[in-house]
Amino acid sequence: MEKFISLTSKAVPLPQENIDTDQIIPARFLKATNKKGFGENLFRDWRYDRDGKLNDSFVLNDTMYSGKILVAGHNFGCGSSREHAAWALSDYGFKVIVSSFFADIFKGNALNNGVLPVQVSEEFLKLLLNEISKNPESEVEINLEEQYIELKSKAEKAYFEIDAYKKTCLMNGYDDIDFLLSKKAEIEEFEAHRKLARVSD
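Residues numbered from 1 in each chain as written. Predicted model: local features only at pLDDT ≥ 70, side-chain atom pairs only at ≥ 80, totals over all residues. Heavy atoms only, no water.

Visitor: Any chance you could break down unusual backbone geometry for me, citing the residues and the numbers?
Guide: Most peptide bonds take the trans configuration, and most residues that are not glycine carry a negative phi. A positive phi angle is found at Phe43, which is not glycine, with a value near 50°. Within the secondary structure, Phe43 sits in the loop between α1 (21–24) and α2 (44–47). Phi angles above zero are rare outside glycine, and Asn75 is one such case at about 65°. Summarising the element assignment, Asn75 is placed in the loop between β2 (69–72) and α3 (84–92). Note on Asn75: relative accessible area 16%, which makes it buried. (Helix = DSSP H or I, 4+ residues; strand = E, 2+ residues; numbered from the N terminus. Buried < 20%, exposed > 50% of the residue type's maximum accessible area, 1.4 Å probe, protein only.)

Laid out in structure tokens, this is it:
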């Protein structure tokens, strides 16, 4: 995974609540096991109509909005526990998802795939959605090291929580195996001490 320390980007507002994983990536697109290509079908049934034509009213098809941050409504990632939802968001280019609540399984899948879920208060989420909707050029800063999100145009800042282990992995670009390998010297030293202790006994 890529290292994630901080990000400043424009953002895409998607105020719908209870966005489930089948809306993020419909089940009919889950046949592949390779993570690449899923971004093409992100929010497929919202981005296209039944005839396969672009839905001009959907925010991802609105050229005014762009960026690596998706600001979504409450309860993002609910529904079935498909990791493909995180794959699709990442493959599309989103690095951060902001909401006032995330489904636990989605949150874990996102973190395991280099996508940072930032949970904020309902009040701060409303501020973000309103400002970004009115001014698509608004930038949002995510600072993982200091664990804050800031709406730059308003100088409004909020802090967020993240598991310490997942934070370490994101900041170093580690998956679980990479993390273990990073501790190789410490593990070998520990095992050497254990062998010496056994011999002395």
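Visitor: Lay out the sheet that holds strand β5 (residues 139–143) in plain terms, naming residues and giving numbers.
Guide: The sheet built from seven strands is open, its strands ordered β4-β3-β2-β1-β5-β6-β7 with mixed pairing. Each edge of the sheet is formed by a strand with only one pairing partner; in this case those strands are β4 (116–119) and β7 (156–159). Strand after strand, the sheet turns through a mean of 30° between neighbouring axes, direction not considered. Bridging between strand β1 (residues 6–14) and β2 involves four bridges; their strand directions are parallel. Following the sheet pairing, Ala11 is matched in β2 by Ile69. Of the strands in this sheet, β1, β2, β3 (96–99), β5, β6 (148–151) and β7 are in contact with helix α5 (residues 122–134), which crosses β6 at around 40°. (Pairing = 2+ DSSP bridges. Axes fitted to C-alpha atoms, helices over the stretch in contact; angles between N-to-C directions. Contact = heavy atoms within 4.5 Å.)

Visitor: Describe the pairing of β6, with residues and values.
Guide: Burial along β6 is two-sided: Tyr148 and Glu150 and Ile149 and Leu151, pointing in opposite directions, are all buried. Note: β5 against β6, four bridges, orientation antiparallel. If you follow Ile142 over to β6, its bridge partner there is Ile149. Where β5 folds back on β6, the antiparallel hairpin that results is connected by four residues, among which Gln147 adopts a positive phi of roughly 60°. Here four bridges tie β6 to β7, and the two strands are oriented antiparallel to one another. Pairing of Leu151 across the sheet is with Glu156, part of β7. Remark: four residues form the turn of the hairpin made by β6 and β7, two consecutive strands paired antiparallel; Ala155 in that turn has positive phi of roughly 55°.

Visitor: Before we move on, can you summarise the nonpolar core with the specific residues and values?
Guide: In this structure, Phe43, Phe76, Leu89, Val98, Leu116, Ile142 and Ile149 are the most contacted members of the largest nonpolar core, which totals 53 residues. No other element matches α5, which puts five residues into this core. Every residue in contact with Leu89, bar those within four places of it in the chain, is listed here: Ile24, Leu42, Phe43, Leu70, Phe76, Phe94, Ile97 and Phe106. (Core = buried A, V, L, I, M, F, W, Y, C linked by side-chain atoms within 4.5 Å.)

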